[in-house]
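Overview (structure and organization)
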Amino acid sequence: MPDSQPQPPSSSNPSGPSGQPDPAALLLCGARLTDGRTVDVRLGGGRIEAVGTAGSLTPGPGRKGAARVDLGGYLLLAAPAEPHAHSDTALSAEQPGPVSYAPEDVQRRATEAALLQLGHGATAVRAHVRVGDVQGLGALGAVLQARRSLRGLAELTTVAMPRLLTGVAGAEGLAILRDALKMGASVVGGCPDLDPDPTGYVEAVLEVASEHGCPVDLHSDAADPARLSRLAAMAGGLRPGVTIGPCAGLARLNTEAASRLADQLAAAGVAVVCLPQGGCGGADRRGTAPVRLLRAAGVRVAAGSGALRDVSNPVGRGDPLEAAYLLASAHGLRPEDAYDAVSASARAVLGLPEVRVEAGFPAELLAVRGDRLSGALSLAYSRIVVHRGRVVARTSAVREYCNSSAAAAELGLPRQGRTELS
């Protein structure tokens with residue numbers, strides 16, 4: 001069974017003034033890149049300091065005790081990011097009765113969910129959190145507390161999601177939304193499809209986002225062409241950006257209508273986050289947006305996980321590599337484009353800096369067992385995750401076969417197990 005957990009500070013690693021491992025002292029040795037090269041990668045100060053041919057790099061001046069990680073047999077990639085999580089309801093599917101929104105329960109679930117996704121490789125997570133109604137601001141406060149406890153392991157940001165923003169009932173939602181931003185939510189969101197006046201809801205969200213200089217991230221099935229067209233018209237040019245998802249309804253429109261809407265989204269600079277692993281509580285219907293059509297129109301398309309073992313998807317895995325696998329296997333994207341949706345495009349949607357395995361870029365990396373991206377998306381069981389220049393999670397998988405030594409020797413097959421099963 002794969003075993004994944006964040007790595008605590010190790011006394012064997014060099015320490016900085018605070019006693020924590022020095023992120024400036026890590027050398028990744030013998031990693032394979034997607035272009036076929038085998039390299040060493042030196043990390044320093046949370047960034048990539050140098051990339052050189054295998055065996056050519058040293059830890060650097062004054063770093064004789066620098067930690068080394070042998071990545072022989074691993075493919076080194078920019079780390080994925082999770083643009084669409086629901087931390088307040090995650091891991092609640094098996095609990096009897098209604099979902100508990102007690103702050104201690106939400107904080108525990110949010111922390112565990114983020115660590116699970118970190119083990120998969122996601123060093124940054126955007127969590128959509130409901131505010132108002134029964135939850136008030138308690139669930140948001142709990143997720144923000146989880147964020148603080150995860151500092152140094154993963155980046156967790158929050159989207160405030162009020163239910164209603166128009167009419168008499170919407171006045172309270174607007175007040176709570178503004179309080180949520182003052183409290184620490186960094187993105188304005190919600191589900192306009194659930195408001196009696198969806199267009200008014202979007203107008204309210206965009207107004208609040210403009211007031212606070214926040215990004216916007218909205219839930220919508222996008223099944224109503226006129227409504228989506230109005231959203232694109234209103235969102236055009238808003239900075240720091242507008243995201244909408246999961247937009248599965250676009251796939252149910254005829255090609256001409258979907259293409260016209262895709263062109264409008266591209267012109268407005270609206271990004272789309274699809275959910276190939278399943279739906280979430282903010283969308284009424286399942287399915288996946290027409291990713292190839294959207295990409296062809298110039299829309300930035302990222303892929304998220306959606307529900308992680310809550311009532312919307314009791315078997316959700318929260319694995320970005322599975323999302324990329326589904327985009328490649330079920331939707332016809334090249335492996336490189338599928339992985340882009342969970343890495344470079346996902347980071348762009350979150351407003352994070354670009355990552356490449358090149359000197360000067362942030363040291364946000366994922367090493368997966370294998371030598372090609374297609375194989376990594378197929379069988380990426382063993383993983384090593386680097387955040388801010390240090391290893392924060394490892395997942396190791398060992399496969400053993402009963403009495404396999406003779407056949408393996410005869411065929412020249414590699415053996416992963418060190419013992420034989422009886």
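Residues numbered from 1 in each chain as written. Predicted model: local features only at pLDDT ≥ 70, side-chain atom pairs only at ≥ 80, totals over all residues. Heavy atoms only, no water.

Counting secondary structure elements, the chain contains 12 helices and 17 strands. By the burial criterion, 52% of the 422 residues in the chain qualify as buried. When contacts within the chain are restricted to residue pairs at least 6 apart in sequence, those whose partners lie at least 24 apart make up 70%. Accessible surface computed for the chain: about 18400 Å², of which carbon and sulfur atoms make up 50%. (Helix = DSSP H or I, 4+ residues; strand = E, 2+ residues; numbered from the N terminus. Buried < 20%, exposed > 50% of the residue type's maximum accessible area, 1.4 Å probe, protein only. Contact = heavy atoms within 4.5 Å. Areas by Shrake-Rupley, 256 points an atom, 1.4 Å probe, with all protein chains shown as cover.)

Applying the stated criterion to the full structure yields 18 salt bridges. For D105, the salt bridge goes to R108, with nearest N and O atoms at 3.9 Å. With D105 and R108 both in helix α1 (residues 103–120) and three residues apart, the pair spans about one turn of that helix. Accessibility expressed as a relative area gives 42% for R108, which makes it partly exposed. The partner of E256 in a salt bridge is R260, and the shortest N-O contact between them spans 3.9 Å. Taken together, the positions of E256 and R260, both in helix α6 (residues 255–268) and four residues apart, correspond to about one turn of that helix. The class of R260 is partly exposed, set by a relative accessible area of 46%. One network of salt bridges, with partners in common, ties together R295, R334, E336 and D337. (Salt bridge = Lys/Arg side-chain N within 4 Å of Asp/Glu carboxyl O.)

With that settled, consider the confidence of the model for the chain. For the chain, per-residue confidence averages 89 on the pLDDT scale, and 87% of positions sit at 70 or higher. Confidence drops under pLDDT 50 across residues 1–23; counting only partners more than four residues distant or on other chains, this segment forms 45 contacts. (pLDDT = per-residue confidence, 0-100.)

So, on to helix α2 (residues 138–149). The first and last C-alpha atoms of α2 sit 17 Å apart over 12 residues, in line with the 16 Å expected at 1.5 Å per residue. Within the span of α2, buried status applies to A139, L140, G141, A142, V143, L144 and A146. Turning to α2, the residues buried within the fold contact α1, β8 (124–131), β9 (155–162) and α3 (167–183). (Expected span 1.5 Å × (residues − 1).)

The subject of this paragraph is the pairing of strand β13 (residues 270–274). Of all five residues that make up β13, five are buried, and the element is covered over most of its length. What you see with β13 is no split at all: V270, V272 and C274 on one side and A271 and V273 on the other are buried throughout. Summarising the sheet, strand β12 (residues 242–246) and β13 pair through three bridges and their orientation is parallel. Note that in β13 the partner of V242 across the bridge is V270. In the classification by handedness, the crossover that spans β12, the intervening α6 and the parallel β13 is right-handed. Relative to strand β14 (residues 301–303), β13 is paired through three bridges, and the arrangement is parallel. Residue V272 lies in a different strand from β14, and its bridge partner there is V301. (Pairing = 2+ DSSP bridges. Right-handed = clockwise from strand over helix to strand, strands pointing away.)

We now examine the nonpolar core. L265 and L294 are the most contacted members of the largest nonpolar core, which has 81 residues in total. Taken domain by domain, this core gets at least three of its residues from each of domain 1 (26–78 + 355–395) and domain 2 (81–350). Those residues within four positions of L265 in sequence are excluded, and the remaining contacts are L228, A232, L250, V270, V272, L294 and V299. Residues A31, L43, L71 and V357 belong to the second largest nonpolar core, which totals 22 residues. (Core = buried A, V, L, I, M, F, W, Y, C linked by side-chain atoms within 4.5 Å. Domains from an automatic or database assignment.)

Another point: α1. Its 18 residues give α1 an end-to-end C-alpha distance of 26 Å, which sits within 8% of 26 Å, the value for a rise of 1.5 Å per residue. For α1, the full list of buried residues reads V106, R109, A110, T111, A113, A114, Q117, L118 and G119. Phi turns positive, to about 125 degrees, at G121, one or two residues after α1.

The next point concerns the environment of I48. With respect to the helices and strands, the residue I48 is situated in strand β4 (residues 47–53). Residues I48 and R356, 308 residues apart in the sequence, show an inter-C-alpha distance of 9.0 Å. With sequence-adjacent residues up to four places away left out, I48 is seen in contact with V41, R42, L43, R356, V357, E358, A359, G360, F361, P362, A363 and L365.

Let us look at the sheet that holds β8. The strand order across the open sheet formed by eight strands is β7-β8-β9-β10-β11-β12-β13-β14, and the pairing between neighbours is parallel. Taken across any chain shown, the strands that pair with only one partner, and hence form the sheet edges, are β7 (82–85) and β14. Within this sheet the neighbouring strands show an average axis-to-axis angle of 25 degrees, counted without direction. By the bridge criterion, five bridges tie strand β11 (residues 216–220) to β12 in an arrangement that is parallel. Along β12, the bridge assignment pairs L218 with I244. (Axes fitted to C-alpha atoms, helices over the stretch in contact; angles between N-to-C directions.)

A few words now on the pairing of strand β15 (residues 365–369). By the criterion of burial, β15 is predominantly enclosed, with four of the five residues buried. As paired elements, strand β6 (residues 74–78) and β15 share five bridges and run antiparallel to each other. Along β15, the bridge assignment pairs Y74 with R369. Relative to strand β16 (residues 383–387), β15 runs antiparallel, the two being bridged by four bridges. The partner of L365 across the bridge, within β16, is V386.

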